[in-house]
Amino acid sequence: QVQLVESGGGLVQPGGSLRLSCAASGSINSNIYAMAWYRQAPGREREFVAAISWVGGNTWYADSIRGRFTISRERAKSTVYLQMSSLKPEDTAVYSCNARTTWDTGEYEYWGQGTQVTVSS
């Protein structure tokens, strides 16, 4: 059974930093081809934040966080990170990680439960 477990969320003041982690379990490592972070603020649709290709480490970012957030991965631990800096109140949201995998039976996406990030003074 594949599981994604996020951690690292919390309350931070504007201008502060947080690092989110997402660990994948369930013998998924060799099947991942990309992982990503999304976020959903209250009353808004879920939006893409950042993604990373699992083998090459290529990265993609939403314009709203470019230059402030950095996505990285540690393949041996099946873990993806999101380093967030210069946080703003509008970054407040539930952050969820996403794993995109390919298997003999097709391609599948997996989601974590999410971790709350609140930016407030």
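Conventions and cut-offs
Residues numbered from 1 in each chain as written. Predicted model: local features only at pLDDT ≥ 70, side-chain atom pairs only at ≥ 80, totals over all residues. Heavy atoms only, no water. Salt bridge = Lys/Arg side-chain N within 4 Å of Asp/Glu carboxyl O. Helix = DSSP H or I, 4+ residues; strand = E, 2+ residues; numbered from the N terminus. Buried < 20%, exposed > 50% of the residue type's maximum accessible area, 1.4 Å probe, protein only. Pairing = 2+ DSSP bridges.

In this section: the pattern of salt bridges. For the coordinates displayed, the defined rule picks out six salt bridges. Arg-39 is the salt-bridge partner of Glu-47, the closest N and O atoms lying 2.5 Å from each other. Here Arg-39 and Asp-91 are joined by a salt bridge, their closest N and O atoms 2.9 Å apart. One end of the pair, Arg-39, is in strand β4 (residues 32-40); the other, Asp-91, is in the loop between β8 (79-84) and β9 (93-103), with 52 residues separating them in the sequence. The pair formed by Arg-39 and Asp-91 is uniform in burial state, with each residue classed as buried. Each of Arg-39, Glu-47, Arg-68 and Asp-91 takes part in a single network of salt bridges with overlapping partners.

In terms of residue burial, strand β5 (residues 47-53) counts as a mostly covered element, since five of its seven residues are buried. Examined bridge by bridge, β4 and β5 share six bridges and lie antiparallel to one another. By the bridge assignment for β5, Arg-39 is matched with Glu-47. Hairpin connection of β4 to β5: six residues between the antiparallel strands, including Gly-43 at a positive phi of 75°. Direction of pairing for β5 relative to strand β6 (residues 59-61): antiparallel, over a ladder of three bridges. Paired with Ala-50 across the bridge in β6 is Tyr-61. Hairpin geometry of β5 and β6 is characterised by an intervening segment of five residues between the two adjacent antiparallel strands and by a positive phi of about 75° at Gly-57.

Let us look at the pairing of strand β10 (residues 106-111). For β9 and β10, the ladder comprises six bridges, and the chain directions are antiparallel. Bridging from a neighbouring strand, Thr-101 pairs with Tyr-108 of β10. Taking the residues between adjacent antiparallel strands as the criterion, β9 and β10 are bridged by two residues.

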